[in-house]
Amino acid sequence: MTARRMTEFLDALAAGQRPKAYHADPEDAEVLRAAIALRAARPGDAVPDDTFVAGLYERLVDESRDPVASNVRPFRMRRSRAALIGIAASIALIGGTFAVTEASHNGATTTSAIQAPPANVLRTATFETSQGHALGQIVVHGGSPGWVFMNVDIPTSDGIVKCELRMMDGSVVAAGVVHLHNGSGVLSKEIHVDTGRLEGATLYSLSGAVVASATFA
Amino acid sequence: MSPVPEPSAFRSPSDTGDHDAARLRVVDADTYTDWESVYRDNVNRLYRLMYARVGNRPDAEDLTSEVFRTALGPLRLASSKGEVRSYLLVTAQTVLASHWRRTLGVSVTSIDPESDLDALTEKGVPDEEGDAPQRAGKILAALPERYRRILELRFLEACSIKEAASTMEITVSNAKVLQHRALRMAAKVGLEIES
C-alpha cells in the first residue's frame, strides 16, 4: 500500500503535478528527497510564473484592504503589552518591541507592526488536528520574559480550549485557555520556560480530548 | 513595556534641519521602503527555495503564498533587510515543516534559517535555476548508466513510467523497480555529497 502510494507520489512529481498526501514510512523520505532534488533541476519550473507573482501580490493587497479576510483579530494584552495586528497575517506576532506604524502603499493604508525579531528567539508552529487540518498558529518568543501567542479557529465551536506546552524532556507546562467566540480565539501571555527546549503545544477540549497539536520546527 | 518607537525610516525635522525635506521619507539603503519592496525583492528567491524543497510548482506556489501571508503583516519595515530575510526564512521553515507533516507525516526536506540565508540574498542565486542542476548533475554522474538514464527520463525529461520503459526497451514493471533502486542509490550519493 505504502509502496503504491509512494509510486503515485513519484509519478505526480515527475509529471510536475501536486503529489497526493499519504502516510509515508520514514524510509520513504530518503527516496522522495532524492526525487525532489532531481526534479528541482528540471529547467523552467524553478522560476516563478509571472502570473503567480502578480496574482499573489494582488491577493495580498486585497487582503490588506479587507480585515475580515484575515483570521487575525485585534486583541488587547495585559500590562499595556498591546499590539494591533494588521492586515493579511495569518498569524500575529508580539514581542519585546512593539510598534504600530502606517505605511502608504498604492493609496491603501497598510499596517506594519512589529520589528522582526532575531530568528533564534522566535519559534512558530501550526496547530493541526490528527487529520492534518490547520486550526491555528502558535508563536513563542524567547526573550526575558518570554511570551506565547496563539490564535485558534475551530468553526462552529464556542467555549474554551486548554493549551499545554510540551517540553523536550516530556514535561508539560500549562499555557492557559483560549476562549472561543464564533469559533475563534486568541491567547497571549508571558511564559517562564526555556523556549529553546519547547517541543510543541497541544490543545485540549474541556473533556480532555486532544483537539490539535503543534510541533515547533 | 517599551513605548511605541518611531520607525527608523522616518526622521523628525530636527534630524535634517529642513521641514520640507523632513516630509520626505529617508530611506536607509539596508532597509525596505514598503512591504511591496519586501515582496518584490524576495518572492522569486523564496519561490525558488520552496521549489527546491518540494520539487513541484503547485506546492511551491502555495507555500510561497503562505509564507508571505503569514509574514508580511507583522513585519516592521524599519528592520534591516537581513532581519527581514531572516524572519521570512524562519516563517518558511515553519511553513515547510507543517507541509510535510500534513502531507506525508515525515520531514522530507527542511529549511535552515542560517545555512539557507544565502538563498535569499543576491550572492545566493548565481542564475535563475539556482544550484539544483549542479547538484543533480553530481548525483547522476555517480550512478550506473541504467540508473542514471531512468532518472533522467523520469525527472528531467518528464517521461511517464511507460514512456521511460519504452525508451529503455524494458517492461513497465522493470522500469518501476529500476527507478526505485536508482532513487535509493541517488539518495545515498546525495548524502555523501552533503557530508
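Computed from a predicted structure; not experimentally measured. (Residues numbered from 1 in each chain as written. Chains lettered and ligands numbered in written order. Predicted model: local features only at pLDDT ≥ 70, side-chain atom pairs only at ≥ 80, totals over all residues.)

**Some words on the overall build of chain B**
Phase 1: The helix and strand inventory of chain B stands at nine helices and zero strands.
Phase 2: When the helices and strands of chain B are read in sequence order from the N terminus, they spell out α-α-α-α-α-α-α-α-α.
Phase 3: Across the 195 residues that make up chain B, the buried fraction comes to 45%.
Phase 4: Counted over contacts in chain B with a minimum sequence separation of 6, partners at least 24 positions apart contribute 55%. (Helix = DSSP H or I, 4+ residues; strand = E, 2+ residues; numbered from the N terminus. Buried ≥ 20, exposed ≤ 12 C-beta atoms within 10 Å, placed from the backbone. Contact = placed C-beta atoms within 7 Å.)

**So, the overall build of chain A**
Phase 1: Tallying secondary structure elements over chain A gives three helices and ten strands in all.
Phase 2: In chain A, the order of α-helices and β-strands from amino to carboxyl end is α-α-α-β-β-β-β-β-β-β-β-β-β.
Phase 3: For chain A, the residues scored as buried account for 40% of the 217 residues in total.
Phase 4: The contacts in chain A between residues at least 6 apart in sequence include a share of 49% that link residues at least 24 apart.

**Some words on the environment of B:L143**
Residue and element names in this part refer to chain B.
Phase 1: With respect to the element layout, L143 can be found in the loop between α6 (132-141) and α7 (145-156).
Phase 2: Considering only alpha carbons, one finds L143 and A182, 39 residues apart in sequence, at a separation of 7.7 Å.
Phase 3: Once residues within four sequence positions are removed from consideration, L143 is found in contact with R148, A182, M185, A186 and V189.

**Observations regarding helix α1 (residues 2-15) of chain A**
Residues three or four positions apart in an α-helix share a direction because the helix packs 3.6 residues into each turn.
Phase 1: With 14 residues, α1(A) extends 20 Å between its outermost C-alpha atoms, agreeing within 8% with the 20 Å of an ideal straight helix rising 1.5 Å per residue.
Phase 2: Turning to α1(A), its buried residues are A:M6, A:F9, A:L10, A:L13 and A:A14. For α1(A), the angular spread of the buried residues around the axis is 130°, confining them to a single face.
Phase 3: Tucked into the core, α1(A) has its buried residues touching α2 (28-39) of chain A together with α7 of chain B.
Phase 4: A:G16 sits one or two positions beyond α1(A) and adopts a positive phi of about 80°. (Expected span 1.5 Å × (residues − 1). Arc of directions from axis to C-beta.)

**Description of the pairing of strand β3 (residues 122-128) of chain A**
The two faces of the sheet receive side chains in turn, since in a regular strand these alternate between them.
Residue and element names in this part refer to chain A.
Phase 1: The element β3 is largely enclosed, with a buried count of six among its seven residues.
Phase 2: In this sheet, strand β4 (residues 134-141) lies alongside β3 in antiparallel orientation, the contact comprising seven bridges. Residue R123 lies in a different strand from β4, and its bridge partner there is V140.
Phase 3: Counted between consecutive antiparallel strands, the loop separating β3 from β4 contains five residues, among which G132 sits at a positive phi close to 90°. (Pairing = 2+ DSSP bridges.)

**Focus: the confidence of the model for chain B**
Residues and elements named next belong to chain B.
Phase 1: Across chain B, the average pLDDT comes to 81, with 80% of residues at 70 or higher.
Phase 2: Taken as a whole, residues 1-27 scores under 50 in pLDDT and shows 36 contacts with residues more than four places along the chain or in a different chain.
Phase 3: Scored as a whole, the predicted complex attains pTM 0.60, and scored at its interfaces, ipTM 0.79. (pLDDT = per-residue confidence, 0-100.)

**Structural notes on the packing of helix α3 (residues 35-54) of chain B against helix α4 (residues 57-71) of chain B**
All names here are of chain B.
Phase 1: The interhelical angle for the contact between α3 and α4, taken along N-to-C directions, is 135°, at an axis separation of 8 Å. As summarised for this structure, α3 and α4 are arranged oblique, according to the angle between their axes. Taken as a pair, α3 and α4 cross one another with a handedness that is right-handed. Taken together, the residues of α4 that come into contact with α3 (itself represented by Y39, V43, L46, Y47, M50, Y51 and V54) are R57, D59, A60, L63, T64, V67 and F68.
Phase 2: Classifying every residue of the contact of α3 with α4 by side-chain character gives eleven nonpolar, one polar and two charged. (Axes fitted to C-alpha atoms, helices over the stretch in contact; angles between N-to-C directions. Parallel < 35°, antiparallel > 145°, perpendicular 65-115°, else oblique. Left-handed = near helix turned anticlockwise from the far one by under 90°. Nonpolar A, V, L, I, M, F, W, Y, C, P; charged D, E, K, R; others polar.)

**Quick look at the packing of α7(B) against helix α8 (residues 161-168) of chain B**
All names here are of chain B.
Phase 1: Their axes nearest at 9 Å, the elements α7 and α8 cross at an angle of 140°. In terms of axis orientation, α7 runs oblique to α8. Viewed along their axes, α7 and α8 form a crossing whose handedness is right-handed. Contacts between α7 and α8 pair R149, I150, L153 and R154 from the former with A164, T167 and M168 from the latter.

**Quick notes on the environment of A:T124**
Residues and elements named next belong to chain A.
Phase 1: Here T124 shows up in strand β3.
Phase 2: You can call T124 buried: it has 24 C-beta atoms within 10 Å.
Phase 3: On a C-alpha basis, the gap between T124 and V140 in space is 6.4 Å, while along the polypeptide they are 16 residues apart.

**Some details on the confidence of the model for chain A**
Residues and elements named next belong to chain A.
Phase 1: With 72% of its residues at a pLDDT of 70 or more, chain A shows a mean pLDDT of 72.
Phase 2: Per-element confidence in chain A is highest for α2, whose mean pLDDT is 93, and lowest for strand β1 (residues 98-105), whose mean pLDDT is 30.
Phase 3: Low pLDDT, under 50, characterises residues 67-117; the stretch is placed with 140 contacts to residues that sit more than four places away or in other chains.

**Some remarks on the pairing of β4(A)**
All names here are of chain A.
Phase 1: Of all eight residues that make up β4, seven are buried, and the element is covered over most of its length.
Phase 2: Sheet topology note: the β4/strand β5 (residues 146-153) ladder contains six bridges and is antiparallel. Across the sheet, the residue bridging to V139 is F149, located in β5.

**Details of unusual backbone geometry**
With the exception of glycine, most residues fall at negative phi, and the peptide bonds are largely trans.
Residue and element names in this part refer to chain B.
Phase 1: The phi torsion at A158 lies on the positive side, around 60°, for a residue other than glycine.
Phase 2: Residue position: A158 is located in the loop between α7 and α8.
Phase 3: In this structure, E169 is a non-glycine residue whose phi angle is positive, near 55°.
Phase 4: Along the chain, E169 falls in the loop between α8 and α9 (172-194).
Phase 5: Classification of E169 as exposed rests on a count of 7 C-beta atoms within 10 Å.

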